[in-house]
Each structure stands twice: as C-alpha cells, then as structure tokens.
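# Overview (structure and organization)
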Amino acid sequence: MKKLLVAFAAVLVSLPAFAQKPAVLHLYNWNNYMSDETIKRFEATCACKVKQTYYSDNDELIAKLQAGGTGYDVMVPTMNAVAALIKMNALLPLDPAKIPNLKNVMPQYLNTEFDPGNKYSAPYAMTITLVGYNDKKMKELGITPDSWATIFDPAILAKLKGKVTVMDSQRELMAAALKYRGYSANDVDEKHLMEAKEVILAAKPYWAAFNASSYIKELTVGNIWLAHGFSNDMFQADLDAKAAKRPFRVLPAMPKEGAVLALDAMVIHKSAPRPDLAHQFIDFMLQGQNAADLTNMIGSGNPNQEAQKFIAPELKQIKAIFPDADTAKKLEMLKDLNPKQRRFANRLWTEIKLK
Amino acid sequence: MSTRVQKWILSGPPLLYLLVFFAVPVGIMVLASFRYAGEFGGLAPLFGTGDPDELTGLTLESYQRFFDDRIYLELFAKSFVYAVVTTVACLACAYPLSLMIARSPKKSRDLLVLLVILPFWSNFLIRVYAWMIILGPQSLFTRAFNGLTGAFGLEPMPLLFSPIAVLIGLVYVHLPFMVLPLYANLEKHDPALLDAAQDLGANAWQRFWRITFPLSLPGVYAGAALVFIPALGIFAIPDLLGGTDSMLIGNLVKQQFLDARDWPFGSVLSIVLTAAAILFAGLAAWFGRQKRT
C-alpha cells in the first residue's frame, strides 16, 4: 500500500511536466505562402511548433476576425487589409526593439499610406496578380498572353473555351477588367465599374470556373491552360509540373496594361496568445536568408534588401518576380473601399455571378 | 419520480441544445436582418455619433433589395430545382439498394449498412476532390463517357466545372442520408403481408406497389427531407465542382458573410432559406404522419 502511495505521489509530482505542452505559434497565412523548410528552421530556433491555418482572400481573413475569430498570433494580410485591420483595432502594435531586422526592408516599402511609420506591420513578400499559362498549348494556338485580352477578349477566348479560370475574388477580377479598359485598379467611378462588368460578362461564357483554390493543380495537370491568379501560385504550378515531368511548363505572363501588386505584411493579432513568439517569428522571417526562401522556394517578390544576395540569379530574370522599372510603374496596390463603394461593387459581383 | 418529470429530464438537454444553438442564432439573424452592415462586416451601431453620413438604426433595406431584384428569387428557384433533382435521383438510387439490403439475410445486413456509411470515415472535402479527379478532362471516366457519346455523334463535353458535376457531387454526398431511413423502414416490414398477398394472387409488381411502397412512405419522406434540406443550402460542392454558372443560394449566403461584409443581407437570404427548409421539413413530417394513421 505504501509503495502504491509513493508511486501515486510520484505521478502527481511529474504531472506538470507532462502537462507542459510545447509552445505553439499560430500562423494564419495564405495558401502556399511559406516553404516547409523555413518553418522547420524556425521551429528549431524557437523550440516551438508552428501551426498554420489558411485563407485565400483578405476579405475572408477580415470576416473571420470580425466574427470574433481569435487564437492567431501572426497573420500576413495585404497592405489594404492591414489598413482595415488597424481601423478595426484588431492589431497589436509591433515592438521595434524586438524586430531589429526591420531595417532590412527596402525603404520604398516602409511607411506607406496603409500603415504610416509601420507601427503594426512588417513587409514580408510581394505577389502580382497576373496570368499563368501552359506554354505548349499557347504556342500551338498561337496566342501570346501579354495582355488582359487573353482572359477578356472573346475573339481569343474562342480558342480557349473551358480552359481558362479566373479568380473568385471581386476586387481582383474587377481590377483586371478595369486595367484592361485602361482605368486604375482602384477606380470607383460607377460608370467605369459598369464597363468592367460588361467586359466580364462578355468573357464569362468562355471561362471554366471562378477558381480561388485549385487552379495550381488544374494548371499542373494540364486541365486548364490559362489562369488568372497570383504570381507565386504560377511559380508553384511550374515546380509541380516539372516534378511530375509534364511535357509543358506553366509560365507567368505580365499583362502590358499593368496589374495588381500585393505587398503582404506580417502583423500580430491583438489577442495573440504568444506575442513573444510572434515577434521572434517576424524578426526571423526578416533575416536575409529566410526572407530569400520566399523567393527561391515559392516565387514571391521580395521587399527585403538583405535577401537579394541569397536569391537565385535565374529568378532575378523573371519579370513576374522582379518587374523592370517600366512594368513596376504600371503596378498598383489595391486600396480598401468605403462601405458605399463596397455595396455597389458587391451588387455588381452578385449580378456577374448570377447572369 | 413521475413520468412527467422523467420526460423533462430526458428531453431537457437536447431541448436546451436546440434553444441555444438554433433558436438563439435564428433570433440574432432576424434582428441582424433589420440593421445596416458595419464597415468591416458585422453590424453598424444602432445609435450613431450624429454624423449625417452614418448609417445607423433599423431598416427594411435588405428585404427591399431581395424583393426588388428578380435575380435573387431566380437563384432560389434554381437552387430549389437542384435540390429536387438531387432528392429524386437519390431516391431512385437508394430505394432499390435499401430494399436489397432489407431483404438480404440477416447476418449480412449489418455489413451492407456499414458499407453504405463507410464513406463517412473519410473527410467530405477529400471525397469531393476525388470527384474532381474522376471528372477531370483527362480521366478514364471522362474519356470513356465522351467516347460513348461520341459514338452517337455528340460533341465531347467537359464534365468538371459543370452543372452535371455539381449534381453528381450532390447525389453522391447525400445518398447515405436517403438509404439509412429507407432501410430502417423497409427492414421492419412483415414478410407475412407479402406472403398473404401472393396467396391471394397478387403478382410481384402488385405486391410492391400496393404493399411495400405505401408502407415505406414514412421512410421516403424522412429520407427526402434529410436530402432536400441540406442540398438546398450547400455551398462547398458548387464552389469546387461547379463552373461559372453553378452558383447556388448557399454560395450567395457565404459570399455575403465572408467576402461582401454584408451581414444584414446575408441574414435576409438565410431567413428565407431557413423558412423554406422548415416548410419542407413540416410538409414531410405531415405527409409522413398522414400515411401512418
């Protein structure tokens, strides 16, 4: 009996040791926006686990947080969503003392109108919303996908019927149509938006689907020959196609009319369970080598000066990752809409989806 | 303890559960439908700061928007048609299957029922992704299908990202919900009734149509309600398998809450959807009871 008691006491004493769970950093991230190797390296540094959950659209992220979603430490929204999250009072101010590597970010990406003084956000990576294509099929069909016309002009689409997907995102698709008509991606003139709607409706019968989640796979498999989507997703589709030894490549094409540039930044949620780990993670991701992974492994554009020397030279040739000065001038960051503008845009979007 | 107290104790937990997780959210939804949308989703405050541009207080605007534009009612009609087709297709597939299981030897029945619910052991989305591969343009199935239709001189057609893909997905996902109540009903039929009918000269068709089928109607109604109601509100299947014209009412509701940041309009759509679902569940229950007495 005594032995049993001792054993019981020993178990009781050792219980807290068992109960101590490994520290966990909760990262709420875009699909396909962080390589596993980088995560593993961070886990080794912090002696913690990284748990990722994913979203495919900034509006989805905002909706989840507005509905009371909590438990996230670090999130990676686009700058316009950062501005909205600041207004929502959903973010924890960054402690600059804990993020010395913030100095690695190129000055042109700091102190933007979305977050003056970068009180809340640390720029992380860039993507351009463009067109990804199957090079073999485009050659066969004689299509040069250098313009938004490839997804909007019925004359070109006639050859691609059922082989094109566009993004299932009101802002991104409207921006592409506005750019195609020569307007700004941030145009809120109702007449111009109506014009963009007509452009979309004329092209819609030729599209296979509005697709936000599976176009990487469809491009890789060869089911879809042309997709409107993020530049780093096209990079991923190309890697996958190579790995699967497909007889074609998936290449990004920068539309000559210009496109939407998304600068994504790391922020910390106000109710983050582990703000300490969150700061550590942000600083880690801003180190040159780790930041370079984003370009080398997932094909993101990179706002980090220190990262440049670690980036594979062949990637620096790709215009979709490193736009030249002329192209850069035509890139625009989306701004958040005010409630009235959003209501109008959403009505148009519902009409587009239903007609 | 009196039986009345026992009844209350037994029905208390589920009742409380329904009250908290169904009645209260529906109440919140009804209240939300009369409010303005907040800037970042959620609802605008009831009492404003006095800024004349600010939208505060109560409004019928979201209801007006629903009834002003025919596209929303048309979308309801379309979703209704998809749900009806799904229900009928499920019934057509499930009835012979359930009958077969119910009439098979007793010891193999449990195994057969287990096979019906086996798909539930893997995640719903994984099963839908499997259908994306099966229906993809390069799959054996699609090529065989188009080879077959080609033999009749028809143009090859894409299966994935089409209304057909959505219907296949809807029927596939909901089939077990039709099989189980039907089987539960058919299994209880007294075989002596069929023997008696045969003795009195009824042929196989008459025995089915005048005995088995009428007796199975409560199972049919229960299965139809279990299939029709979720099929009416589903959004994942049209999202994944559907093309540019496959949006259903569930997708619009999801879009209002997740993308459009318009909770009030999303609430109006949900209220109409909930009302339709309650109406059909009520009709099914009523028909089921009529036949039993």
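Just so you know, these numbers come straight off a predicted model, no measurement behind them. (Residues numbered from 1 in each chain as written. Chains lettered and ligands numbered in written order. Predicted model: local features only at pLDDT ≥ 70, side-chain atom pairs only at ≥ 80, totals over all residues.)

### A look at the overall build of chain A
From N to C terminus, chain A includes 16 helices and 11 strands. Its C-alpha radius of gyration of 23 Å places chain A within 12% of the 20 Å reference for a compact globule of 355 residues. Taken along the three principal axes of its C-alpha coordinates, chain A extends 90 × 50 × 45 Å. Residues counted as buried form 48% of the 355 residues belonging to chain A. Put simply, of all contacts in chain A between residues at least 6 apart along the chain, 74% involve residues at least 24 apart. (Helix = DSSP H or I, 4+ residues; strand = E, 2+ residues; numbered from the N terminus. Rg over C-alpha atoms; globule rule 2.2 N^0.38 Å. Buried ≥ 20, exposed ≤ 12 C-beta atoms within 10 Å, placed from the backbone. Contact = placed C-beta atoms within 7 Å.)

### Overview of unusual backbone geometry
Its identity as a non-glycine residue notwithstanding, A:Asn111 has a phi of 55 degrees, on the positive side. Summarising the element assignment, A:Asn111 is placed in the loop between strand S4 (91-92) and strand S5 (122-134). The exposure class of A:Asn111 is exposed, given the 12 C-beta atoms found within 10 Å. In this structure, B:Phe161 takes a positive phi of about 60 degrees despite not being glycine. Checked against the element boundaries, B:Phe161 lands in the loop between helix H6 (140-151) and helix H7 (163-186). Given 29 C-beta atoms within a 10 Å radius, B:Phe161 is considered buried.

### Topic: the domain arrangement of chain A
Residues and elements named next belong to chain A. Assigned domains within chain A: domain 1 (22-126 + 262-321) and domain 2 (127-260 + 334-354). Computed over C-alpha atoms, the centres of domain 1 and domain 2 are 26 Å apart. At the junction of the two partners, domain 1 supplies 17 residues and domain 2 supplies 18 residues. When contributions to the side of domain 1 that touches domain 2 are tallied by element, the ones reaching two or more residues are helix H4 (79-87) and S5. In terms of residues, the side of domain 1 that touches domain 2 owes the most to one element, H4, which gives three residues. (Domains from an automatic or database assignment.)

### A closer look at the interface of chain A and chain B
Counting residues at the interface gives 26 residues for chain A, matched by 24 residues for chain B. Looking at the side of chain A that touches chain B, the elements that each hand over two or more residues are helix H3 (58-66), strand S7 (209-210) and helix H16 (339-354) of chain A. Sort the elements by how many residues they give to the side of chain A that touches chain B and H16(A) lands first, with seven residues. Of the residues assigned to the side of chain A that touches chain B, the class counts are 11 nonpolar, eight polar and seven charged. (Nonpolar A, V, L, I, M, F, W, Y, C, P; charged D, E, K, R; others polar.)

### Quick word on the environment of A:Ile128
Residue and element names in this part refer to chain A. Assignment of secondary structure puts Ile 128 in strand S5. By the C-beta count within 10 Å, which is 25 here, Ile 128 ends up buried. Between the alpha carbons of Ile 128 and Leu 331 there is a distance of 8.2 Å; along the sequence they are 203 residues apart.

### Some details on the nonpolar core
Counting residues in hydrophobic clusters, the biggest one holds 161 residues, and the most contacted among them are A:Val164 and A:Ala177. Ranked by the residues each element gives to this core, the list is headed by H7(B), at 12 residues. The residue makeup of this core includes at least three contributed by each of domain 1 (22-126 + 262-321) and domain 2 (127-260 + 334-354) of chain A. (Core = buried A, V, L, I, M, F, W, Y, C linked by C-beta atoms within 7 Å.)

### Digging into the environment of B:Met132
Positionally, B:Met132 belongs in helix H5 (residues 124-135). For B:Met132, a count of 20 C-beta atoms within 10 Å gives the class buried. Placed 49 residues apart in sequence, B:Met132 and B:Pro181 show a C-alpha to C-alpha distance of 29 Å. When neighbours within four sequence positions are excluded, B:Met132 is seen to be in contact with A:Ser214, B:Leu160, B:Leu240 and B:Leu241.

### Examining helix H1 (residues 3-32) of chain B
The terminal C-alpha atoms of H1(B) lie 41 Å apart, and with 30 residues this matches the ideal 44 Å at 1.5 Å per residue to within 8%. Of all bends in H1(B), the biggest is about 45 degrees, found at B:Gly12, and the proline B:Pro13 comes one to four residues later. (Expected span 1.5 Å × (residues − 1). Bend = angle between axes of the 7 residues up to and from the residue.)

### Section: the confidence of the model for chain B
Residues and elements named next belong to chain B. Per-residue pLDDT for chain B averages 89, and the proportion of residues at 70 or more is 96%. Ranking the elements of chain B by mean pLDDT puts helix H12 (residues 263-292) last, at 84, and H7 first, at 95. Note on the complex model: pTM 0.85, ipTM 0.80. (pLDDT = per-residue confidence, 0-100.)

### Some remarks on the packing of H5(B) against H7(B)
Residues and elements named next belong to chain B. Put simply, H5 and H7 touch, their axes get as near as 11 Å, and they point 140 degrees apart. Put simply, H5 runs oblique to H7. Where H5 crosses over H7, the handedness of that crossing is right-handed. Contacts between H5 and H7 involve Phe 124, Val 128, Trp 131 and Leu 135 from the first element and Ala 165, Ile 168, Gly 169, Tyr 172 and Val 173 from the second. Residues belonging to the contact of H5 with H7 are distributed by class as follows: eight nonpolar, one polar and no charged. (Axes fitted to C-alpha atoms, helices over the stretch in contact; angles between N-to-C directions. Parallel < 35°, antiparallel > 145°, perpendicular 65-115°, else oblique. Left-handed = near helix turned anticlockwise from the far one by under 90°.)

### Examining the pairing of strand S1 (residues 24-30) of chain A
Residue and element names in this part refer to chain A. Taken across its seven residues, S1 has six buried, putting it largely inside the fold. As paired elements, S1 and strand S2 (residues 49-55) share seven bridges and run parallel to each other. By the bridge assignment for S2, Tyr 28 is matched with Thr 53. The parallel pair S1 and S2, bridged by helix H2 (residues 36-46), forms a crossover whose chirality is right-handed. (Pairing = 2+ DSSP bridges. Right-handed = clockwise from strand over helix to strand, strands pointing away.)

### Some remarks on the environment of A:Pro247
For A:Pro247, the position within the fold is in the loop between helix H11 (231-243) and strand S9 (250-253). A:Pro247 sits 111 residues away from A:Lys136 along the chain, and the two C-alpha atoms are 7.9 Å apart.

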